[in-house]
Amino acid sequence: MAFTYMSEPKTTSIGKIKKYLVHHYNVQREDKIKDAVKYGIESGYWEQVSGSGFSGKLELTVETFNPCDDGDMCGKIMNAIVACSDPKICSAKLLRNYIVTYHSKFNILEKPFLFKHALERAIHRGTIR
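What counts and what doesn't
- Residues numbered from 1 in each chain as written.
- Predicted model: local features only at pLDDT ≥ 70, side-chain atom pairs only at ≥ 80, totals over all residues.
- Heavy atoms only, no water.
- Helix = DSSP H or I, 4+ residues; strand = E, 2+ residues; numbered from the N terminus.
- Buried < 20%, exposed > 50% of the residue type's maximum accessible area, 1.4 Å probe, protein only.
- Salt bridge = Lys/Arg side-chain N within 4 Å of Asp/Glu carboxyl O.
- UniProt positions renumbered as here; feature names shortened; annotations may be inferred.
- Axes fitted to C-alpha atoms, helices over the stretch in contact; angles between N-to-C directions.
- Parallel < 35°, antiparallel > 145°, perpendicular 65-115°, else oblique.
- Left-handed = near helix turned anticlockwise from the far one by under 90°.
- Contact = heavy atoms within 4.5 Å.
- Nonpolar A, V, L, I, M, F, W, Y, C, P; charged D, E, K, R; others polar.
- Core = buried A, V, L, I, M, F, W, Y, C linked by side-chain atoms within 4.5 Å.
- Pairing = 2+ DSSP bridges.

1. Structural notes on unusual backbone geometry
Phi at Asn 26 is positive, roughly 55°, even though this residue is not glycine. Looking at the secondary structure, you find Asn 26 in the loop between helix 2 (14–25) and helix 3 (30–43). Judged by relative accessible area, Asn 26 falls into the exposed class, the value being 57%. Even without being glycine, Asn 107 reaches a positive phi, approximately 55°. With respect to the element layout, Asn 107 can be found in the loop between helix 5 (92–102) and helix 6 (112–125).

2. Section: the pattern of salt bridges
All chains considered together, the criterion is met by 3 salt bridges. Residue Asp 31 is joined to Arg 29 by a salt bridge in which the shortest nitrogen-to-oxygen separation is 2.7 Å. Asp 31 gets classed as partly exposed once you look at its relative accessible area, which sits at 37%. One salt bridge in this structure joins Lys 116 and Glu 120, with 3.9 Å as the shortest N-O distance. Note that Lys 116 and Glu 120 are positioned in helix 6 at a spacing of 4 residues, about one turn of the helix. A relative accessible area of 40% means that Glu 120 is categorised as partly exposed.

3. Looking at the UniProt feature "domain: H15" (unreviewed entry) in the protein chain
Following the UniProt record, the feature "domain: H15" (unreviewed entry) maps to residues 4–60 here. With 49% helix and 21% strand, residues 4–60 has end C-alpha atoms that lie 12 Å from one another.

4. Here we look at the environment of Gly 51
Relative to the helices and strands, Gly 51 resides in the loop between strand 2 (46–50) and strand 3 (57–60). For Gly 51, a relative accessible area of 58% gives the class exposed. Taking C-alpha positions, Gly 51 is 9.6 Å from Ile 14, a pair spaced 37 residues apart along the chain.

5. Quick word on the packing of helix 2 against helix 4 (residues 73–84)
Running from N to C, helix 2 and helix 4 cross one another at 115°; their axes reach a closest spacing of 9 Å. Judged by the angle between their axes, helix 2 and helix 4 are roughly perpendicular. Like other packed secondary-structure pairs, helix 2 and helix 4 cross with a definite hand, here right-handed. Contacts between helix 2 and helix 4 involve Lys 16, Ile 17, Tyr 20, Leu 21 and Tyr 25 on the former and, on the latter, Met 73, Lys 76, Ile 77, Asn 79, Ala 80, Ile 81, Ala 83 and Cys 84. Across the contact of helix 2 with helix 4, the residue classes tally to 10 nonpolar, 1 polar and 2 charged.

6. Brief notes about the nonpolar core
By size, the foremost hydrophobic cluster in this structure holds 33 residues, and its most contacted members are Leu 21, Trp 46 and Ile 77. Mapped onto this core, the elements with two or more residues apiece are helix 1 (2–5), helix 2, helix 3, strand 3, helix 4, helix 5 and helix 6. Per element, the largest residue contribution to this core is 8 residues, and it comes from helix 4. Apart from the residues within four sequence positions on either side, Ile 77 is in contact with Ile 17, Leu 21, Ile 33, Ala 36, Val 37 and Trp 46.

7. Notes on the sheet that holds strand 1 (residues 11–13)
Strand order in the open sheet formed by 3 strands is 1-3-2, with antiparallel pairing between adjacent strands. Each edge of the open sheet carries a strand with a single partner, namely strand 1 and strand 2. Geometrically, the sheet is characterised by an average inter-axis angle of 30° between neighbouring strands, direction not taken into account. The pairing of strand 1 with strand 3 spans 3 bridges and is classified as antiparallel. Bridge pairing in strand 3 places Thr 11 opposite Glu 59. Against the sheet, helix 2 makes contact with strand 1, strand 2 and strand 3, and its axis sits at roughly 80° relative to strand 1, the strand it touches most. Set on the sheet, helix 3 makes contact with strand 2 and strand 3; between it and strand 2 the angle comes to about 105°.

Listed below in structure tokens is the structure:
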């Protein structure tokens, strides 16, 4: 999530969003998703950049949001857009800033070796390049 949260643009298809919501949040009711997509467009959270109705692609337009705040359907959809977006590229500095902001319990500013070792392990395992 951190890689795509820090990457631009944050765009993905409505089909991928639906699959993400079913898999990660067990959201089964398509009418709730449709209503939330429409509400998000009207509220300026995202815009429909291709297609029409309940098909095409959405692009996240809000500058920042808390990815841990997924209590309502809009938060879930924002997370789905971020998670399903491509490319998933960011610098180590942006990744570190994300962790400091949203996962402060790791305390990587005071213990930077934890972050460095985590990156090295992920590279060694092939999780990141």
